[in-house]
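Here's the letter readout for the chains.
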Amino acid sequence: MRDYKKAAYNRRYYRRKKAEKQAGSLLGGAVMLGIAVAIFGHSTSSPKKAAAQPLASNAVINTAAPHIVSYHPDFDCSRVSQSDTIAVMLCQNSDAAKHELMFDQTYYALRQVVGKSGWKSLKREAIADQEFADCLNNVGQVNVSQPTADPACYIEKIDSITAKYQKRLHGGALEEAQRPIDEHIFLQQRLVDLHYLPAGTVADGVYGEATRKAIIAWEQDHNISPADGFLSNAAAALLITGVPATDNASTFPPAPSPIDGAASPLSTTYNSTTSASDTSGGGFILLIFIIVCACIGGLFFWIKTKNTKMAWNFVSSEINSQKKNLQIQYAQKTLPDRYGTISYDAWSKEVAFFASTRLMPILDNRGLSKYWKSIASRAVTLINQLAREPLPISAVQDTYVSDPSIYDPRMDPFDYEQYCALLLRADGWEAHATQKSGDQGADVIATKEGCKIVVQCKLYSKSVGNDAVQQAFTARTHTGSAAAIVATNSTFTKAAYEASATTGVFLIHHAQLVETCDRILSHYKMQHVS
């Protein structure tokens, strides 16, 4: 990102003093206090004395995000050099600055997703994407000391980049990134008001490290799991109102028109002209009504919480059971391109595919599909957390020595063949590496209960092509084997998958070798039952 944004990226985190008391304790204390006040007021009220005042019918609870008249970029315009044409334009054009802030919010959401290990590559990608030379006017013209930037052109390009980055977000991160910038500013100000961010922090709608830590602290205080630093729609509603949002609730309900001046956000106005005789009986009835509503609401909330927890248990159990497969897919779909840039598009599609084909059917079969929205963000966070854990490799040594019993990408190719054979022998297969014995491309031959399988072992740093598939198919025909497999530590090309579809050769990661062979054996035994 640009140098003039460094100050915004290095905001320091302000630690909170003490955690708030549990909401249940506060509610219980408030109810008991309300009952005591109502009874006392009813028994001692006098027309000549003022009694405790209930909330008036015209009380205003303003939870609407204020409309921002003018937007400013998240850097100090007083320090911008006049030679930086784009920065000058952003400081002068409110609409362009607004769209810049919209991009910043998406960028920081994606930054939170990839984690610190992915910050550098994401930053390089953002720098490469933000090329606005086409938006400069008067370039090369005579008697023009400095070109100017076209705001409309800039907005079109920055919106395109924003949309591109949003495709890589899911769940709460996507809900947050798609929220209007006015609401981001308002939510950030709420964190300041609640002392999760230091007093005097300027709410600009950009969630840097300090704001992320503040969100996580707030989520932990309110028992929101996982505390991932994202403000989903439900979390935003809770931050504003203090009440969990229902499925159809709006995050920002419209505020009533203020009378005699604008009401500040979350301000409450009380009518202090009501007499004691008007409030003694009415206050008691109102209190009973509130208690009944609270009990009904509490019951529904308990049912929803119980079912949401049940849905999460099913989903998290399935995610954990698929950990190895997720690790393999993540390793295969997040490889850097020839320029060293990592694209997460393929991985995002894989996560969506996994959720729709594995997780949603589990909830559908149990009648819990409507709770997916509540746990989607947690599910994606858990998927990413498990998938990013590396597959087991040998410990790093000062002088590496290849060992066929321990996988390491640096190992000798023949040791890799022996490693694959050892995996199968540990599962009860009679398996041995051919060691270039001329078995027409078979690196490992495995036999169990009459079922023979040939395996091509490819220790690659690049994708395996269709020539390996042809070799494995030839070896299968030559040895009369029941099946052929190409196992690798890497990925396969499109041509390899096409050849696999016509030859029946299995293409797998070596971590799937044992289960694939066992599956072939089961199929073989079913076909040869006498």
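For clarity, every value in this text was computed on a predicted model and none was experimentally measured.

Asks: It is not clear to me how the overall build of the protein should be interpreted in this structure. Could you clarify?
Replies: Helix and strand content of the protein: 18 helices and seven strands. Pairs at least 24 apart in sequence give 63% of the contacts found in the protein among residues at least 6 apart. Put simply, the protein shows about 29200 Å² of open surface, and 55% of that area lies on carbon and sulfur atoms.

Asks: Sorry, what's going on with the sheet that holds strand β3 (residues 430-433) here?
Replies: Within a sheet, each strand pairs with its neighbour through backbone hydrogen bonds, oriented either parallel or antiparallel. Taken together, five strands build an open sheet; the order of strands is β3-β4-β5-β6-β7 and the sheet is mixed. Strand pairing shows two members of the sheet lacking a second neighbour, β3 and β7 (506-509), which therefore form its edges. With direction set aside, neighbouring strand axes in the sheet form an average angle of 25 degrees. Examined bridge by bridge, β3 and strand β4 (residues 444-448) share four bridges and lie antiparallel to one another.

Asks: What's the story with the state of the cysteines in this structure? I'm lost.
Replies: Counted by the stated rule, this structure contains two disulfides. Disulfide pairing places C77 opposite C91 at an S-S distance of 2.1 Å. The S-S bond linking C77 to C91 shows a torsion near -95 degrees; that makes this disulfide left-handed. Taken as a pair, C77 in the loop between α2 (23-44) and α3 (85-92) and C91 in helix α3 lie far apart in primary sequence, 14 residues in all. Relative accessible area serves as the criterion here: at 31%, C77 is assigned to the partly exposed category. Between C135 and C153 runs a disulfide, and the two sulfur atoms are separated by 2.0 Å. Here C135 and C153 share a disulfide; its torsion about the S-S bond, -70 degrees, makes the bridge left-handed. Here C135 is found in the loop between α5 (119-129) and β1 (136-137), whereas its partner C153 is found in helix α6 (residues 151-166), with 18 residues between them in sequence.

Asks: For this particular structure, what's the right way to read the pattern of salt bridges?
Replies: Oppositely charged side chains can pair when the atoms bearing their charge come close. For the structure on display, the rule yields 10 salt bridges. Across the pair R111 and E209 runs a salt bridge whose closest N-O atoms are separated by 3.9 Å. Here E209 lies in helix α9 (residues 209-221) and R111 lies in helix α4 (residues 94-114), a separation of 98 residues in the sequence. Between E176 and R212 there is a salt bridge, with its nearest N and O atoms 2.8 Å apart.

Asks: Sorry if this is basic, but what is going on with the nonpolar core here?
Replies: Looking at soluble globular proteins, one finds that nonpolar side chains tend to be buried together. Formed by 62 residues in total, the largest nonpolar core has its most connected members in Y154, V315, I319, L359, W372 and I383. Looking at this core, the element that brings in the most residues is α4, giving 10 residues. Excluding anything up to four places from it in sequence, I319 contacts L326, F354, L359, A379, L382, I383 and L386. One finds V455, A487, I520 and L521 within the second-largest nonpolar core, a separate group that totals 25 residues.

Asks: Just checking my understanding: could you explain the pairing of β7 for this structure?
Replies: Regular strands place side chains that alternate from one sheet face to the opposite one. Where strand β6 (residues 483-488) lies against β7, four bridges are found, and the strand directions are parallel. Bridge pairing in β7 places V486 opposite L507. Considered for its hand, the β-α-β crossover made up of β6, helix α17 (residues 494-503) and β7 is right-handed.

Asks: How do you make sense of α17 when you look at a structure like this?
Replies: Helical geometry: 3.6 residues make up each α-helical turn, so side chains three or four residues apart lie on a common side. Along α17, the residues classified as buried are A496, A499, S500 and T503. Along the long axis of α17, the arc covered by the buried residues comes to 105 degrees, so they all point the same way. The exposed set on the far side of α17, more than 90 degrees from its buried face, consists of K494, A501 and T502. Taken together, the buried residues of α17 touch α16 (466-479) and β7. Where α17 terminates, the next one or two residues include G504, which has phi positive at roughly 80 degrees.

Asks: Is there a simple way to explain the environment of H523 in this structure?
Replies: Note on placement: H523 falls in helix α18 (residues 513-527). Judged by its relative accessible area of 48%, H523 is partly exposed.

Asks: Looking at this structure, I do not really get the environment of F103. What am I missing?
Replies: Along the polypeptide, F103 turns up in helix α4. Separated by 78 residues in the primary sequence, F103 and I181 place their C-alpha atoms 9.8 Å from one another.

Asks: Please clarify how the pairing of β4 should be interpreted in this entry.
Replies: Burial analysis of β4 places four of its five residues in the buried class, the great majority of the element. Sheet topology note: the β4/strand β5 (residues 451-458) ladder contains five bridges and is antiparallel. Among the inter-strand pairings, V444 is bridged to a residue of β5, identified as V455. Between β4 and β5, which pair antiparallel in sequence order, lie two residues; one of them, E449, sits at a positive phi of approximately 55 degrees.

Asks: How do you make sense of the packing of aromatic side chains when you look at a structure like this?
Replies: One pass over the structure, following the stated rule, counts eight aromatic pairs. Aromatic pair Y416 and Y419: ring centres 6.4 Å apart, planes at 20 degrees, arrangement stacked. One end of the pair, Y416, and the other, Y419, are both in helix α15 (residues 413-425), three residues apart, so they sit about a helical turn from each other. Take Y416: its relative accessible area is 0%, and that puts it in the buried class. Chaining the aromatic ring pairs together yields one cluster made of F103, Y107, Y108 and Y165. Positioned over the ring face of W312 is R378, at 4.1 Å from the centre of the ring.

Asks: Before we go on, may I ask you to explain the packing of α15 against α18 in this structure?
Replies: Viewed as axis vectors pointing N to C, α15 and α18 meet at an angle of 55 degrees, and their least axial separation amounts to 9 Å. Our classification of the angle between α15 and α18 gives oblique. Handedness of the crossing formed by α15 with α18: right-handed. Contacts between α15 and α18 involve C420, L423 and L424 from the former and L513, V514 and C517 from the latter. Class assignment of the residues belonging to the contact of α15 with α18 gives a composition of six nonpolar, no polar and no charged.

Calculation rules
- Residues numbered from 1 in each chain as written.
- Predicted model: local features only at pLDDT ≥ 70, side-chain atom pairs only at ≥ 80, totals over all residues.
- Heavy atoms only, no water.
- Helix = DSSP H or I, 4+ residues; strand = E, 2+ residues; numbered from the N terminus.
- Contact = heavy atoms within 4.5 Å.
- Areas by Shrake-Rupley, 256 points an atom, 1.4 Å probe, with all protein chains shown as cover.
- Pairing = 2+ DSSP bridges.
- Axes fitted to C-alpha atoms, helices over the stretch in contact; angles between N-to-C directions.
- Disulfide = S-S within 2.5 Å.
- Buried < 20%, exposed > 50% of the residue type's maximum accessible area, 1.4 Å probe, protein only.
- Salt bridge = Lys/Arg side-chain N within 4 Å of Asp/Glu carboxyl O.
- Core = buried A, V, L, I, M, F, W, Y, C linked by side-chain atoms within 4.5 Å.
- Right-handed = clockwise from strand over helix to strand, strands pointing away.
- Arc of directions from axis to C-beta.
- Phe/Tyr/Trp six-rings, centres within 6.5 Å; stacked < 30°, edge-to-face > 60°.
- Lys NZ or Arg CZ within 6 Å of the ring centre and 35° of its normal.
- Parallel < 35°, antiparallel > 145°, perpendicular 65-115°, else oblique.
- Left-handed = near helix turned anticlockwise from the far one by under 90°.
- Nonpolar A, V, L, I, M, F, W, Y, C, P; charged D, E, K, R; others polar.

All quantities given are derived from atomic positions and should not be read as evidence of function.
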